[in-house]
Amino acid sequence: MKKARVFTVVKGQTYDPQGTVINSAAKQLGIKHIKDVKAGRHFLLLFEDDTPDENVKASAEEAATRLLHNDIIEDYDITYEL
């Protein structure tokens, strides 16, 4: 089975309340050296084995740009297991 993993994360200057809470909790637990935390999401897209690699990449890119992330406040990255 072919896979595409889409990772989204809040852009650098965007306020991230979840990341702020995680960063505060890390400090309270004594976890050191963390400057900032940006929370994100992970999506796993599964494709049939006989799907051509270029179709997997095109479909994953379309899903990421049109469905899975908000371009105003998030960046995304895609990795593949073809």
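Thresholds, definitions, all that
- Residues numbered from 1 in each chain as written.
- Predicted model: local features only at pLDDT ≥ 70, side-chain atom pairs only at ≥ 80, totals over all residues.
- Heavy atoms only, no water.
- Helix = DSSP H or I, 4+ residues; strand = E, 2+ residues; numbered from the N terminus.
- Pairing = 2+ DSSP bridges.
- Axes fitted to C-alpha atoms, helices over the stretch in contact; angles between N-to-C directions.
- Contact = heavy atoms within 4.5 Å.

A. View of the environment of V9. As for its position among the elements, V9 is in strand β1 (residues 2-10). For the pair V9 and D53, spaced 44 residues apart in sequence, the C-alpha separation works out to 25 Å.

B. Quick look at the sheet that holds strand β2 (residues 40-47). Reading across the sheet, the 3 strands line up as β2-β1-β3 and stay open at both edges, with antiparallel pairing between neighbours. Across the chains shown, the open sheet's two edge strands, defined by having one partner strand only, are β2 and β3 (74-81). Strand-to-strand twist of the sheet, defined as the mean angle between neighbouring strand axes without regard to direction, takes the value 15°. Inspection of the sheet shows β1 paired to β2 by 8 bridges, in the antiparallel sense. Across the sheet, the residue bridging to R5 is L44, located in β2. Its contacts with the sheet put helix α2 (residues 53-68) on β1, β2 and β3, and the angle it makes with β3 is roughly 160°.

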